[in-house]
Amino acid sequence: MKVVTTIKEMQAEMLVQKKQGKSIGFVPTMGFLHEGHLTLINRARQENDIVVLSIFVNPLQFGPKEDFSTYPRDFERDRALAESEDVDFLFFPSVAEMYPHPSSVKVVVQDRTDVLCGKSRPGHFDGVATVITKLFNIVMPTRAYFGIKDAQQVAVIEGLVTDFNFPVQLIAVDIVRENDGLAKSSRNVNLFPDERQQATILYKSLLAAKDAITQGERNSFTLIHLIKEMITSESDGEIDYVEIFSYPELITMEELNGRIIIALAVKFTKVRLIDNLIIDIEE
Ligand code: PAF
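Residues numbered from 1 in each chain as written. Predicted model: local features only at pLDDT ≥ 70, side-chain atom pairs only at ≥ 80, totals over all residues. Heavy atoms only, no water.

A. Layout of the environment of Ile-50. Its location among the elements puts Ile-50 in strand S3 (residues 50-55). Taking the relative accessible area as the measure of exposure, Ile-50 reaches 8% and is therefore buried. Put simply, Ile-50 and Met-14 are 36 residues apart on the chain and 9.5 Å apart in space, counted from C-alpha to C-alpha. Apart from the residues lying within four places of it in its own chain, the contact partners of Ile-50 are Gln-17, Lys-22, Ser-23, Ile-24, Gly-25, Arg-45, Asp-88 and Phe-89. (Helix = DSSP H or I, 4+ residues; strand = E, 2+ residues; numbered from the N terminus. Buried < 20%, exposed > 50% of the residue type's maximum accessible area, 1.4 Å probe, protein only. Contact = heavy atoms within 4.5 Å.)

Structural data, given as structure tokens:
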């Protein structure tokens, strides 16, 4: 595995690979790798000749009150993990390398942002779209891999790729779950033991909504009510949101049809958990 820290060298390396006709699978991350990232790397490894992992904690996507400086970082651990997962290139630029001067251009995301988690993080997705634009121009990937757990991020990047005509295939990788259905997250360790038990209701409530859809229910308010009832009766978690939208457009629908997302966020004592289910409804 080669660690590359400059944009110039990364682009030169990628051009060599492309000239040889190699496909490039790209996994962009902010480091502190966990099982979810390893799943993405694995999938990229299976589907491409070359795997590129980037580690860059992107200041543009952190709000003024968010934790940019305290965001967890452990490069040596990440490098060892990437090496053991057979990554070919690890792109690890500094902030000065990525943003050498105040940007004269930034990407502004026009829709899909004022719902779900984006509602409380103004400007966050502009920062994500800007860094992804730069990373795509640097790595020139054939395929790029993102976890669907952050479905809003995938929807925004889908819009970016379509609108800006990036020649990249986006691969949204399924949520990895514990045996009892809880979506895996490094934050789950912050649940108290009773909360860890209760948290299984999140996925169960999504499945109950899916069952109701299979039985013919099409009203989003009825489904949201069903999910909220289940979560409040089975856990002490405080519901932040339960929402249903078309996917990936993230438009509210009263009567459901086509591809939809049911997404929720629930706060426990020390941690806020998110989960979602994407369902194709056929008429
Ligand atoms: O999901 C993340 O880790 C980040 O938002 C991403 C996609 C690497 C962009 O900085």
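Having seen the model, we can carry on.
B. Main features of the layout of surface pockets. Of the volumes computed, that of the largest pocket is approximately 1,600 Å³. Lining the largest pocket we find 50 residues, and of these Met-30, His-34, Tyr-71, Asp-150 and Arg-187 sit closest to its centre. Elements supplying a minimum of two residues to the lining of the largest pocket: strand S2 (24-29), helix H2 (35-47), helix H5 (124-139), strand S5 (143-147), helix H6 (151-163) and strand S9 (272-281). The element best represented in the lining of the largest pocket is H5, accounting for 6 residues. Partitioning the lining of the largest pocket into residue classes produces 23 nonpolar, 17 polar and 10 charged. In terms of lining, the second largest pocket is formed by 16 residues, of which the most central are Ile-148, Ala-172, Asp-174, Arg-259 and Ile-278. Taken together, the elements giving at least two residues each to the lining of the second largest pocket come down to H6 and S9. For the lining of the second largest pocket, the leading source of residues is S9, giving 4 residues. (1 Å grid on protein atoms, 1.4 Å probe; cavity = no way out; pocket = protein on both sides within 12 Å on 5 of 7 lines; lining within 4 Å. Points joined across faces, edges and corners; volume = space filled by probe spheres on them. Nonpolar A, V, L, I, M, F, W, Y, C, P; charged D, E, K, R; others polar.)

C. The nonpolar core, seen in detail. Judged by nonpolar contacts, the single largest core of 49 residues is most densely connected at Val-52, Met-98, Ile-132 and Phe-136. Ranked by residues supplied to this core, first place goes to H5 with 9 residues. Residues in contact with Met-98, not counting those within four places in the same chain, are Ile-7, Phe-56, Phe-91, Pro-93, Val-131, Lys-134, Leu-135 and Ile-138. (Core = buried A, V, L, I, M, F, W, Y, C linked by side-chain atoms within 4.5 Å.)

D. Looking closely at the side chain of Ser-220. When you line up the elements, Ser-220 lands in helix H9 (residues 220-234). In contact with Ser-220, other than residues within four places in its own chain, are Ile-244, Met-253, Glu-254 and Leu-256.

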